[in-house]
Amino acid sequence: MYLFHRTARRRNPHPFQVLPLETRSLLSVTTTYNIGPFDNLQTVNLDGQPGLEIVATNANQTITVINQRLRTTESFNPAQWDSIHFASLDGQPGQNIYTIAGNSITVINPNLVAVPHFTPVQTFTIPAWKSLQVANLDGQPGNELVAFRDGSFTVINARLGTTQTFLTPSGATTGIADLTNDPGSEVYYDIVTSVSNTITIQNIETATKTRLILGPVTSLQTTNTTTQPGDQFVSVSGPILQITNLRTNTFKTFNIGTYKNLLFDELDGHPGNEIVDVRDGGIVTVVYPRLASVKNFTTGTYSSLQFSDLNAQPGDEIFVTQGTVVTVINSTNFTTKAFNMGPYSSLQLANLDGQPGNELVAFNGVFLRVLTDRTQSLKSYNLGQRNLTLLGQFGRLQGQQLLAVRPDFLTILDTLQGTTTSFQNIPFDRILVGNVGGPVGDEVISTKGNLLTLRDLYVNQSLHLAIGPAQNLSLADLDGDTVLELFYTNANRLSVLKPFTSPPPG
């Protein structure tokens with residue numbers, strides 16, 4: 001049983017004072033919604049239109065959806081749930097809400113409340129299950145929910161309002177991948193014996209099964225290693241890695257040596273993933289299926305391995321860390337380069353120069369070091385003692401900049417020019433950065449007691465708003481115009497603040 005209601009918009013402009021120091025000024029309008037008690041807020045695209053909706057939940061039983069674009073709220077009361085999730089399930093635009101309560105799964109589409117012939121809330125009761133996955137199995141709009149248990153799996157199709165259960169051998173391992181030449185993915189299950197792995201591919205769309213028999217393998221995964229759509233099986237037996245393509249009925253084998261753990265990423269700038277064997281001894285092995293080759297890179301012992309585009313060339317780079325050293329593997333020209341970042345407490349990725357490719361930023365107290373692999377440069381900066389460091393794009397500067405926040409000063413570091421610019425700060429309890437309108441770039445948003453302040457640092461322009469006691473202050477594009485709105489709560493009321501650069505309509 002469920003209940004829902006829709007309420008009309010209520011607009012309550014707050015008094016504000018504009019302090020314009022040039023001809024443009026930031027103005028604002030506030031929309032307020034009574035959403036009732038809540039214990040969690042999050043944003044998600046539910047209607048398929050530009051902009052996000054706000055979802056407020058309370059006591060694992062009440063869901064309220066706030067659509068700022070339409071100025072509406074809708075409330076739902078499914079059975080008390082254990083968890084709540086979001087996915088595109090029914091083939092309609094936008095994502096659905098779905099809740100899980102034991103063996104009962106409820107799928108909600110807030111957009112269908114006022115649409116005849118559609119059911120906005122569906123509840124499916126299935127047998128007990130151990131894991132749940134989201135996948136498109138029939139090639140039609142919308143995903144299915146697949147609930148696995150030992151001996152069977154159940155497919156929930158919210159678009160059709162159906163459930164189907166399929167038997168599997170007890171003890172089989174299961175997975176989902178797009179393996180055949182038709183739309184949608186397939187469910188596969190693997191039976192292991194001492195002499196072989198028998199893999200059964202269950203095609204839900206065509207209600208057919210395909211069997212594949214491999215020799216005994218120690219690892220079986222799926223990924224797309226080709227330039228064509230679809231996945232392949234990647235299996236390891238001893239030192240031999242095999243890629244099996246069911247679409248073309250072909251396979252490729254590679255000798256990778258001692259196997260430990262496989263990762264997949266697009267490294268060479270061409271469609272299809274490469275295969276990375278992460279193993280002990282300071283060796284990173286990369287399999288290039290397109291080139292039919294294997295390359296070993298010596299990095300020394302490392303503690304972590306990640307992927308990112310660091311040099312603006314097609315494909316990602318691999319970078320590994322050990323102590324103060326970061327080693328970058330360029331897997332298109334097959335080189336490695338080690339950089340000593342010095343001691344650091346955290347390592348982050350950011351685009352600081354406005355050019356393609358990310359920089360690596362190592363933080364250590366008042367100092368930070370920025371590694372730009374594209375130019376093979378490593379530079380140090382002293383930002384002084386600070387409460388926190390934020391990323392933003394300020395004024396017409398290229399890329400992102402680091403904003404050092406202190407009680408008395410804000411300092412912008414422009415790594416492209418190697419310069420810092422400081423601005424006097426005002427007292428704050430909370431501070432955010434985002435593009436909420438006005439001149440080009442991000443604004444600094446801060447609160448102190450009942451006062452909210454929007455500041456554009458480079459044009460020295462600010463707006464002060466008395467918003468009352470505010471909690472849960474957040475930023476999101478709620479109406480789809482690419483400019484962020486501020487939203488916050490006060491007791492059971494949620495307010496959306498829309499700054500803009502021209503007088504409000506009417």
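Notes on the structure follow. (Residues numbered from 1 in each chain as written. Predicted model: local features only at pLDDT ≥ 70, side-chain atom pairs only at ≥ 80, totals over all residues. Heavy atoms only, no water.)

### As for the overall build of the protein chain
Link 1 in the chain: When you go through the protein chain residue by residue, the secondary structure sums to zero helices and 46 strands.
Link 2 in the chain: Counting only C-alpha atoms, the protein chain reaches 75 × 60 × 30 Å along its principal axes.
Link 3 in the chain: A burial count over the protein chain gives 50% of its 506 residues as buried.
Link 4 in the chain: Residue pairs at least 24 apart in sequence account for 36% of intrachain contacts in the protein chain once pairs closer than 6 positions are excluded. (Helix = DSSP H or I, 4+ residues; strand = E, 2+ residues; numbered from the N terminus. Buried < 20%, exposed > 50% of the residue type's maximum accessible area, 1.4 Å probe, protein only. Contact = heavy atoms within 4.5 Å.)

### A look at the sheet that holds strand S31 (residues 335–340)
Link 1 in the chain: Across the sheet, four strands lie side by side as S28-S29-S30-S31; this open sheet has antiparallel pairing. Only two strands of the sheet have a single neighbouring strand rather than two, namely strand S28 (304–308) and S31. The mean angle between the axes of side-by-side strands here comes to 20°, regardless of whether they run parallel or antiparallel.
Link 2 in the chain: Relative to S31, strand S30 (residues 325–330) runs antiparallel, the two sharing six bridges. Residue pairing across strands places Val-326 opposite Phe-339, the latter belonging to S31. (Pairing = 2+ DSSP bridges. Axes fitted to C-alpha atoms, helices over the stretch in contact; angles between N-to-C directions.)

### Regarding the packing of aromatic side chains
Link 1 in the chain: Applying the stated rule across the entire model yields five aromatic pairs.
Link 2 in the chain: The interplanar angle of 20° and the centroid separation of 5.1 Å between the aromatic rings of Phe-153 and Phe-166 together place this pair among those described as stacked. On the criterion of sequence distance, the pair formed by Phe-153 in strand S14 (residues 152–157) and Phe-166 in strand S15 (residues 162–167) is long-range, its members being 13 residues apart. Here the two residues Phe-153 and Phe-166 agree in accessibility, since each one is buried.
Link 3 in the chain: Look at Phe-423 and Tyr-458: their rings are 5.6 Å apart centre to centre, the planes differ by 80°, and that puts the pair in the edge-to-face class. Residue Phe-423 is found in strand S39 (residues 419–424), and its partner Tyr-458 is found in the loop between strand S42 (451–456) and strand S43 (461–466); the two are separated by 35 residues along the sequence.
Link 4 in the chain: The exposure class assigned to Phe-423 is buried, which follows from its relative accessible area of 14%.
Link 5 in the chain: Tyr-458 sits in the partly exposed class, given a relative accessible area of 36%.
Link 6 in the chain: Put simply, the rings of Phe-148, Phe-153 and Phe-166 touch in pairs and so form one group of aromatic residues.
Link 7 in the chain: In this structure, Lys-295 packs its charged tip against the face of Phe-334, placed 4.8 Å from the ring centre.
Link 8 in the chain: Positioned above the aromatic ring of Phe-339, the side-chain terminus of Lys-337 is 5.9 Å from the ring centre. (Phe/Tyr/Trp six-rings, centres within 6.5 Å; stacked < 30°, edge-to-face > 60°. Lys NZ or Arg CZ within 6 Å of the ring centre and 35° of its normal.)

### Focus on the environment of Ile-318
Link 1 in the chain: Relative to the elements of secondary structure, Ile-318 occurs in strand S29 (residues 317–322).
Link 2 in the chain: Judged by relative accessible area, Ile-318 falls into the buried class, the value being 0%.
Link 3 in the chain: As for Ile-318 and Pro-116, which are separated by 202 residues in sequence, their C-alpha atoms are 52 Å apart.
Link 4 in the chain: What Ile-318 contacts, discounting residues up to four positions off in sequence, is Leu-267, Val-276, Val-284, Val-286, Leu-305, Gln-306, Phe-307, Thr-327, Val-328 and Ile-329.

### Quick look at the side chain of Thr-415
Link 1 in the chain: Mapped onto the elements of the fold, Thr-415 is located in the loop between strand S38 (409–414) and S39.
Link 2 in the chain: Those residues in contact with Thr-415, other than ones at most four positions away along the chain, are Leu-352, Val-370 and Tyr-381.

### Considerations on the sheet that holds strand S19 (residues 208–214)
Link 1 in the chain: Strand order in this open sheet of four strands is S16-S17-S18-S19, and the pairing throughout is antiparallel. What marks the edges here is a single partner per strand, and that holds for strand S16 (173–177) and S19. Across the sheet, the mean angle separating the axes of adjacent strands is 25° when strand polarity is ignored.
Link 2 in the chain: Across six bridges, the pairing between strand S17 (residues 186–192) and strand S18 (residues 197–203) is antiparallel. Looking across to S18, one finds that Asp-190 is bridged to Ile-199.

### Things to note about the pattern of salt bridges
For side chains bearing opposite charge, pairing can occur when the charged atoms are close.
Link 1 in the chain: Counted by the stated rule, this structure contains 10 salt bridges.
Link 2 in the chain: Of the charged contacts, one joins Lys-498 and Asp-481 as a salt bridge, the two residues approaching to 2.4 Å between their closest N and O atoms. A residue pair is termed long-range when its members are at least 10 positions apart, and Lys-498 in strand S46 (residues 493–500) and Asp-481 in the loop between strand S44 (471–476) and strand S45 (485–490) qualify at 17 residues.
Link 3 in the chain: According to the relative accessible area criterion, Asp-481 is partly exposed, its value standing at 34%.
Link 4 in the chain: Residues joined in a network through salt bridges with shared partners are Asp-479, Asp-481, Glu-485 and Lys-498. (Salt bridge = Lys/Arg side-chain N within 4 Å of Asp/Glu carboxyl O.)

### Some words on the pairing of strand S25 (residues 274–278)
Consecutive side chains of a regular strand alternate in pointing toward one face of the sheet and then the other.
Link 1 in the chain: Among the five residues in S25, five count as buried, and that is most of the element.
Link 2 in the chain: Along S25, one buried face is formed by Glu-274, Val-276 and Val-278 and the opposite face, lined by Ile-275 and Asp-277, is buried too.
Link 3 in the chain: Bridge count for strand S24 (residues 261–265) against S25 is five bridges, and the pairing is antiparallel. Each bridged residue has a counterpart across the sheet, and for Asn-261 the counterpart in S25 is Val-278.
Link 4 in the chain: Sheet analysis places S25 next to strand S26 (residues 283–288), joined by four bridges and oriented antiparallel. If you follow Asp-277 over to S26, its bridge partner there is Thr-285.

### Some thoughts on the pairing of strand S10 (residues 104–108)
Link 1 in the chain: The buried fraction of S10 amounts to five of the five residues, a majority that puts the element mostly inside the structure.
Link 2 in the chain: Of the two faces of S10, the one carrying Ser-104, Thr-106 and Ile-108 and the one carrying Ile-105 and Val-107 are both buried.
Link 3 in the chain: Bridge count between strand S9 (residues 96–101) and S10: five bridges; the pairing is antiparallel. Its bridge partner lying in S10, Ile-100 is registered against Ile-105.
Link 4 in the chain: Here S9 hands over to S10 after two residues, with Gly-102 in that stretch at a positive phi of 65°.
Link 5 in the chain: When S10 meets strand S11 (residues 121–125), the two strands line up antiparallel, connected through five bridges. Counterpart to Ser-104 in the pairing with S11 is Thr-125.

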